[in-house]
Structures are given as C-alpha cells and as structure tokens.
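Letter by letter, the chains look like this.
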Amino acid sequence: MAARLTTYLVVAIVGATLIAGLIVGAQREDNEGPVDMIVHNAEVYTADDDRTMAEAVAIRGNQILRVGGEREILRLRRPQTQMIDARGATVLPGFNDAHAHLIAGGLDAEMIDLRDAVTAEEVQERVRDWAEANPDAPWVLGRGWAYPQSPGNQPSRQILDAAVRDRPVQLVSRDGRASWVNSAALRLAGVTRKTADPANGVVAKDSRTGEPTGLLKDEAMTLVGRLVPEPTPEEAARALRAAIAEAHANGVTSVQNPSADPDELELYAETRRSGDLNLRIYSALAVGTAFSDADRTRLHTAARRHPDDHIFKTGAVNITLDGAIENQTAALLAPYASRQIDRPPTMAADDLNRLVRLIDAEGWQVMTRASGDRAVRMALNAYAHAARSNPRPARGRRHRVEHADLVHAADLPRFGSLSVIASMQPLRGSPTGARLQTWLETLGPERALETLPYGSILAADGRLAFGSGWPAGSLNPLLGIHAAVTRTTGDGLPEGGWNPAQRLSLEAAIDAYTSGAAWASFDEQRKGSLAPGMLADLVVLSESIFDAPPSRLARTRVVVTILDGKVVYQRDRGTN
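Basis of the calculations
Residues numbered from 1 in each chain as written. Predicted model: local features only at pLDDT ≥ 70, side-chain atom pairs only at ≥ 80, totals over all residues. Heavy atoms only, no water. Helix = DSSP H or I, 4+ residues; strand = E, 2+ residues; numbered from the N terminus. Rg over C-alpha atoms; globule rule 2.2 N^0.38 Å. Buried < 20%, exposed > 50% of the residue type's maximum accessible area, 1.4 Å probe, protein only. Contact = heavy atoms within 4.5 Å. Areas by Shrake-Rupley, 256 points an atom, 1.4 Å probe, with all protein chains shown as cover. Lys, Arg positive; Asp, Glu negative; His and termini not counted. Charge placed at Lys NZ, Arg CZ, Asp CG, Glu CD. Pairing = 2+ DSSP bridges. Axes fitted to C-alpha atoms, helices over the stretch in contact; angles between N-to-C directions. 1 Å grid on protein atoms, 1.4 Å probe; cavity = no way out; pocket = protein on both sides within 12 Å on 5 of 7 lines; lining within 4 Å. Points joined across faces, edges and corners; volume = space filled by probe spheres on them. Nonpolar A, V, L, I, M, F, W, Y, C, P; charged D, E, K, R; others polar. Polar contact = N/O pair within 3.5 Å; in protein donor to acceptor, adjacent residues only side chain to side chain. Parallel < 35°, antiparallel > 145°, perpendicular 65-115°, else oblique. Left-handed = near helix turned anticlockwise from the far one by under 90°.

A. Examining the overall build of the chain more closely. What the chain contains, in helices and strands, is 19 helices and 24 strands. In terms of overall size, the chain behaves like a compact globule, its C-alpha atoms giving a radius of gyration of 26 Å where 576 residues would be expected to give roughly 25 Å. By principal-axis analysis of the C-alpha atoms, the chain measures approximately 105 × 60 × 50 Å. Burial analysis of the chain (576 residues in total) assigns 56% to the buried set. Nonlocal contacts in the chain, meaning residues at least 24 apart in sequence, comprise 73% of its contacts between residues at least 6 apart. For the chain, the accessible area works out to roughly 24,300 Å², and carbon and sulfur atoms hold 52% of it. Charge separation in the chain, taken as the distance between the mean sites of 64 positive and 71 negative side-chain charges, equals 3 Å.

Rendered as structure tokens:
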C-alpha cells in the first residue's frame, strides 16, 4: 500500500512539474520569442464582451500576442520589433463592412461621381464635361444622384439629352435602386410608351403623354442596364485592386459582399491563390424567387470551392424582397403618404417561407434584402417558419435582414427573440436636407420617425452589423459611426439630431462595425476584437475619439491600417 502511495505521489509530482514547465515555457516563448510589431501609446478599445480598454498591443506573425498596459507591452520589445506610436489616439479592431459591393465600388472610380451634386444643373454639367473629356467612350456612366436633384423629384431624360444626345447615358441612383437615362439609351433598349412595367420594376412615364420619362426603378433598370458592356476580366481585376486600396485607406480590413456571380467569386479565389487578396471577404450568392435543383447544385459547388477561410469564403444566400423607400419601391404595411400607392414585395409570403425553409435546411445563412416594414415583417416570419420546420444547424442560425430601413414597432423585439441580425447602413440615416425631404414626403412625418431604428433593435437584445452599402454610400466607417452616435449630418445638422431616441453609444456603434459584423459572418472566434490569438487586424486613428466630442467623429481620419500583422496603409499625419 505504501509503495502504491509512493508511486502515485511520484506521478503527481512529475505531472505537476511537466505542467509547470509548459506554463513557464509558454511564458518564456511570449517574453523571449519574436515580437514583430507593437502598437503603443494608444487608447485601445478591444471591442470584446467587456468593452475593455488598454494602452498597447503586441503582434507576432498574423496574430495578436498580448493586449495590455504600456509598460507591460513595451517589455516585449526586441531589436527587430516594428514600433507604431499611436500618439495617444484610438486604436480599434480593423473595421468590417457588413454590406459592400466591392467590384461595383471599384468600377465606380471610373464613372461620373454625382454624390455631392446638389441640383439637376450640376448633374447636367458633370455629364457634359465627362462626355466631352471621353469622346470615344460608347456609354456615359455615372452614379450617386438623389431625387431632389431634379424638378419635382423626378429625373427626366430631357435634362440628360441637353448634355449628351449622341450616346446612351445611364446614371445609377445613390441607393442603387433606380437609373436615370437619356433618350438615346431608351431608344437603344426599345423602351417606349408601350413598354409594360417588368415584374418588380417600374418604367416611369409622363402622366400627360405616356412617354417614358427616363427614370427606371428596380428591375426596370435591367432594360437598359443589360446593354451596358460587362467589365472585362482585366477591368474587374483592376476594380478589385482599386476597391482594396479604398478599403485600406478607410481602415476596412474585412468586407461582406451581399451578392456575387460565379465570375466574381472566381476572381476573389484566383486573387487569393496568387497571394494578392489583401482583404478578408465573405461573399453571398443571390437566388431568385424559387429554389431549384440547379440552385442547390450551384450552392454546393460554391461551398466546396470556397470553404471557410480567414481570407475568402462564402456561406450565405441573398434574397431581394423589395426596393427602396426613396424611389417608393419598398414594400410597406401602409400606402406611401405622397401618392397613396402600394408596392408589393418581389414574392408572396408563402413562396418566401418555402424558399427560406429550403435554404435553411441546406445549412446556409440567409440575407434578405428588406427595406420597408412589410418586407421586414415577411423576412422575420420566414425565419420563424424555418426555425419551426428544420432542425437547428450545427453552427446555429444567424439569418439577417439587410437594410431594415423601416421597422414596425411590433417587430422590433423579434430581432432579439429570433436571433436575427439587423445588417444596417447608418449613413442612410444621415439626415441631409435631401434625404429628410424625401422621407418626410414619401412616408409622412410620423412614419419617417420609425426609420433606421438601430437603437430600438439593440435595446430589444437584437444584434447589429453595420456596413456602408458602398458604392451607394461612403466606405468610411467613421462617417457611419458619426451618423449612428449623433443622428446628424457631418455638419451637425439638425441640431440635437434627427430622431435622437435612436442614437447609439460610441461603443455600440464601433461594435456594430467590428465584433458585431464578425458575428454576422461566423468569424467572432478569429476577428472583430483585440485579444490574444485573434487575427492582427487593427486601425490607428488620428485622435482619441473617446475623449473628443461626438461631433469630431466625422473629421477623424485613419492613420494606419494593419492587416494580418502588416501595415497596408499609412497616412501622412500632416494630411488633413
């Protein structure tokens, strides 16, 4: 018996010694091994569950080694360590844009930019100038106009005809849900007074003459859009490079693309294989109003070709259920105030329930584009139907509503109870004069106050993931954070904020662009917060945003962007 006890004691001592050795070895490895980069003298917001603040971050390879106090982290410095002095400014996890169209954004750099054009005359002038500067371009293409830029909020072909008559012109709206074209484009597409509205689209026509006005909404955009030459592989690759550079300049290290075609997926994959995809991409595939065996095969093929990966993966399906409030194609529970019209969703409720149930059964995440309160309710109902009908997937359900611009009060708590993510674009709530005018006219004063209710969704235990909608909105997350925190424009208008009850705290707005967005793509175990073992994606800002008044957020800049432990963007600190 004594011998047996002695044996047990020896084994216990040896085991304890081995464990102690492993712990000491790990500590020695941390303290004496290579430390590739240290970001210090910082106000570090980790975006973890406790919303921890720190002063410095140590990086080894492409992972975070340690987060802590200045003196603690500086003790890890070695001769080869790259030092980045934040100069007291805020350091955050790399931003994760939960809704951006990468290739479209990159291509837009070569189009006419109309985002800051205020009047129809400005649009006309820019179109004319571009056409004169590019006489050999077969099409004149632009993007970014808003409805108040034209008389009566209705764009007309005559305005564009006065600028360009010899070539087709197509200008996509700021929200991407309408196009403004000239007479040459209408003739080329064969659009006349006899052209009927396509399913889920509107060909706007003059109430007196019946002639098309030059405004095409939602699916009607394809009547002209399908004639615009597709970008060549070289142009698409150039657009991707431009998009990545723009992302880095704005501190964005991850992007979630709400829909991509097979060519776009292959471009990402090929760029990944060549080692040039310096951006983390989660891409969804679009499906129509039905789910066929061909769709199932397409999804399985995509899942096999683009599995879970920290740089590029797929795993979501995108369904478009309605249009936009601004062009009155969003599906609402009550008619539009301006014209007392109803716009139906793209499919019946039973068809949507069946579609979501089938996709959910395949284990895919579902992103439903729903802007109006009727479409949002239908999406939530479909998710509830899938949860009742199918076993819980191994990785859980994280279905999403993209946009959720208008949500009925009765549906706000359902985001939390159903664990549905509200994937929203806070810049859509920046109350510019044009946007307020449009929403007040189309919805009426009462319902306009129900727009972009991210504060109410969060208060009801819902999850938020923020994005830009780029190129419909700026890729700069700091502008979105400013809009969410202040509910004002970058100039601070209106005073006190538009519907200030929906404002978020600074921490909550940052989380929606970091840890919340990571959760929305099933990536919270490797990115979205700053902690040991997480991917080393960080952004250094130009100042402390926690000490400064919220009004300064819109003027704060990204100074350094770090992806995978490497500096991919560095701004001259003397640049405004």
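B. Layout of the sheet that holds strand S5 (residues 63-68). Within the open sheet, the 4 strands sit side by side as S5-S4-S1-S6. Their pairing is mixed. Each end of this open sheet is capped by a strand with a single partner; those strands are S5 and strand S6 (82-85). Neighbour-to-neighbour, the strand axes of this sheet turn through a mean angle of 15°, independent of strand direction.

C. Highlighting empty space enclosed by the protein. The final tally for this structure, using the stated rule, is 4 cavities of 30 Å³ or more. In this structure, the largest cavity encloses a volume near 70 Å³. Taken together, 14 residues make up the lining of the largest cavity; nearest its centre are Gly94, Thr253, Lys527, Gly528 and Asp537. Of all the secondary structure elements, the ones that give two or more residues to the lining of the largest cavity are strand S8 (95-97) and strand S15 (252-260). For the lining of the largest cavity, the residue count by class is 5 nonpolar, 7 polar and 2 charged.

D. Here's a closer look at the side chain of Glu326. Its location among the elements puts Glu326 in the loop between strand S17 (312-320) and helix H11 (349-361). By relative accessible area, which is 15% here, Glu326 ends up buried. Of note is the side chain of Glu326, whose polar atom sits 2.9 Å from the side chain of Trp439.

E. View of the packing of helix H8 (residues 233-249) against helix H9 (residues 262-273). Where H8 meets H9, the closest approach of the two axes is 11 Å, and the angle between their N-to-C directions is 65°. In this view, H8 runs roughly perpendicular relative to H9, as classed from their interaxial angle. Considering the relative orientation of H8 and H9, their crossing is right-handed. Judged by residue contacts, Ala236, Ala237 and Leu240 of H8 engage Leu267, Tyr268 and Thr271 from H9. In terms of residue class, the contact of H8 with H9 is made up of 5 nonpolar, 1 polar and no charged.

F. A look at the sheet that holds strand S7 (residues 90-93). Strand order in the open sheet formed by 6 strands is S3-S2-S7-S22-S23-S24, with mixed pairing between adjacent strands. The sheet is open, and its two borders are formed by strand S3 (53-54) and strand S24 (566-570), each paired with just one other strand. As judged from the 3 bridges shared by S7 and strand S22 (residues 538-541), these two strands associate in the antiparallel manner. Looking at the pairing, Pro93 lines up with Leu538 of S22.

G. Layout of the layout of surface pockets. Approximately 490 Å³ is the volume attributed to the second largest pocket. Lining the second largest pocket are 17 residues, with Asp49, Arg463, Asp511, Ser515 and Gly516 sitting closest to its centre. Of all the elements in the fold, those that place two or more residues in the lining of the second largest pocket are strand S21 (463-466), helix H18 (506-513) and helix H19 (515-520). Its residues assigned to classes, the lining of the second largest pocket comprises 6 nonpolar, 4 polar and 7 charged.

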